[in-house]
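Coordinate inspection notes
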Amino acid sequence: MATILHRIKAYLYDNVLTKDNPNDFTARTASERSLNVQQICQSAANRGGADISASAMEHATELFLKEMAYQLCDGYSINTGYFTANTTIRGVFDSPSETFNKDKHSIIFQFNQGEKLRAEIPNIEVEILGVAEASAAILQVADVKSGSVNDLLTPGRNLKIVGSKIKVTGDDASVGVYFVDATTQERTKVEQSDIVTNNPSEVMVVIPELAAGTYTIEVLTQYSGSQSLKEPRTATLDKQLTVA
C-alpha cells in the first residue's frame, strides 16, 4: 500500500467540455500559487531535500534548463526521467516542395510527465472540497494558431477561452478580457471589437500585440446567467501563458 506523502485539494466545476451529460463535473485543483525556480530551491534547502545551498541549487538548475532549451532548439528530444520534451512543428504543408513558413507553420515545445513523476502519483491523496461557488471560471484556453492548450499565445491570432459564466457583459468600465504581464503586472485589455465569440461557456478573442513574456489571463464580467451583477467578478486561468 502506498504511503500518502502529499495532498491535493480540488473543487468541482460544471463540465462544459462534454455535451452528452449535462450533470457531470470536472475537478480543478485549488492551487495556492505558482512556484519559480528560486522558490523551489529554497524549499528544498529548508526541508532538507538538498545537500547544497539554495543559491547553488538555483544556479545549477538555471544552467541545466538553459542547456536543455539549447538542445531542444536543435531538435533533440529530452528525457529527464521526471518529464520528456520534444520539438514539434505545427501546420499543414501543401506540397512536398513547400518550405517552412512562419506565417502558417509554428514550432512548439511539448512536455509530458515521465516515469519518475508518474511513480509519485500513488503517494498523492485528493480531497474534493465540493462544488465550487457558482462564479465565473476559466477552465482552459487554446491558441488557435499553434494549437497549444494553456501554454502559448500568438499575438494577432485567435484565443479560445472555455469556462463557466465567462460571457463578457455589463456596463462597468472594467468589464473585459485582460492579459496581465506576470513580471510587471501591466494589464492589456482586449478591444471590444476583438471579442469574436461571446457566450457563457466560450469566449473567442484576438490576442493583442503583446511583447514577449509570460502572462495570465482574466475575464471581468457582470454576467450571472439571469440578471446582471452589481459589481464585476473575475475569472482567472491558473496557468501562465507565454508569448515567445
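That block above? That's the structure.
Calculation notes
Residues numbered from 1 in each chain as written. Predicted model: local features only at pLDDT ≥ 70, side-chain atom pairs only at ≥ 80, totals over all residues. Heavy atoms only, no water. Helix = DSSP H or I, 4+ residues; strand = E, 2+ residues; numbered from the N terminus. Buried < 20%, exposed > 50% of the residue type's maximum accessible area, 1.4 Å probe, protein only. Polar contact = N/O pair within 3.5 Å; in protein donor to acceptor, adjacent residues only side chain to side chain. Contact = heavy atoms within 4.5 Å. Pairing = 2+ DSSP bridges. Axes fitted to C-alpha atoms, helices over the stretch in contact; angles between N-to-C directions. Core = buried A, V, L, I, M, F, W, Y, C linked by side-chain atoms within 4.5 Å. Salt bridge = Lys/Arg side-chain N within 4 Å of Asp/Glu carboxyl O.

Quick notes on the environment of Val162
In this fold, Val162 is placed in strand β8 (residues 158-164). Val162 sits in the buried class, given a relative accessible area of 7%. Sequence separation of Val162 and Val144 is 18 residues, and the distance between their C-alpha atoms is 13 Å.

So, the side chain of Arg28
Considering the arrangement of structural elements, one finds Arg28 in strand β2 (residues 25-29). By relative accessible area, Arg28 is classed as buried at 15%. Looking at Arg28, its side chain comes within polar contact range of the main-chain oxygen of Thr236, at 2.9 Å. When residues no more than four places from it in sequence are discounted, the contact partners of Arg28 are Lys9, Ala10, Tyr11, Tyr13, Ala137, Ile138, Leu139, Thr236, Leu237 and Asp238.

Considerations on the sheet that holds strand β4 (residues 83-90)
One key point about sheets: their strands pair by backbone hydrogen bonds, in either a parallel or an antiparallel sense. Ordered in space as β3-β4-β5, the three strands form an open sheet in which the pairing is antiparallel. Each having just a single partner strand, β3 (78-79) and β5 (106-113) make up the two edges of the open sheet. As judged from the two bridges shared by β3 and β4, these two strands associate in the antiparallel manner. Note that in β4 the partner of Asn79 across the bridge is Thr84.

A closer look at the sheet that holds strand β12 (residues 202-206)
One open sheet holds the four strands; their spatial order is β7-β8-β12-β11, and the pairing between them is antiparallel. Both edges of this open sheet fall to β7 (137-143) and β11 (195-198), since each of them pairs with a single strand only. Ignoring strand direction, the axes of neighbouring strands in this sheet form an average angle of 15°. Judged from the five bridges that link them, β8 and β12 form a sheet pairing that is antiparallel. Within β12, the position partnered with Leu159 by the bridge is Val205.

Digging into the nonpolar core
Of all hydrophobic cores here, the largest spans 24 residues; its most connected members are Ile138, Leu153, Leu159, Ile161, Phe179 and Ile217. Those elements giving two or more residues to this core turn out to be β7, β8, β9 (176-181), β12, β13 (213-221) and β15 (241-243). By residue number, the principal contributor to this core is β13, which donates three residues. Here Ile217 is in contact with Ile138, Val141, Leu159, Ile161, Val177, Tyr178, Phe179, Ala235, Thr236, Leu237 and Leu241, once residues within four sequence places are set aside.

What to know about the environment of Thr61
Considering the arrangement of structural elements, one finds Thr61 in helix α2 (residues 54-73). For Thr61, a relative accessible area of 24% puts it in the partly exposed group. Placed 20 residues apart in sequence, Thr61 and Cys41 show a C-alpha to C-alpha distance of 8.8 Å. The residues contacting Thr61, other than those within four sequence positions of it, are Val37 and Cys41. In terms of polar contacts, Thr61 uses its side chain to reach the backbone carbonyl oxygen of Met57, at 2.8 Å.

What about unusual backbone geometry?
Positive phi is not limited to glycine here, since Lys165 has a value of about 55°. Here Lys165 shows up in the loop between β8 and β9. Positive phi, normally seen in glycine, also occurs at Gln185, with a value near 65°. With respect to the helices and strands, the residue Gln185 is situated in the loop between β9 and β10 (187-189).

Looking at helix α1 (residues 37-46)
Where α1 begins, the capping side chain belongs to Asn36, and its oxygen is found 3.2 Å from the backbone nitrogen of Gln38. Two residues or fewer after α1 comes Gly48, characterised by a positive phi angle close to 85°.

Notes on the pairing of β11
Note: β11 against β12, three bridges, orientation antiparallel. Looking across to β12, one finds that Ile195 is bridged to Val205. Hairpin connection between β11 and β12: a loop of three residues separates the two successive antiparallel strands.

A word on the pattern of salt bridges
Evaluation of the coordinates by the stated rule reveals seven salt bridges. One salt bridge connects Arg28 with Asp238, and the closest N-O pair in it is separated by 3.7 Å. Placement of Arg28 in strand β2 and of Asp238 in the loop between β14 (233-236) and β15 is noted, with a sequence separation of 210 residues between them. Note that Lys239 and Asp238 form a salt bridge whose closest N and O atoms lie 3.4 Å from each other. Judged by relative accessible area, which is 35%, Asp238 ranks as partly exposed.

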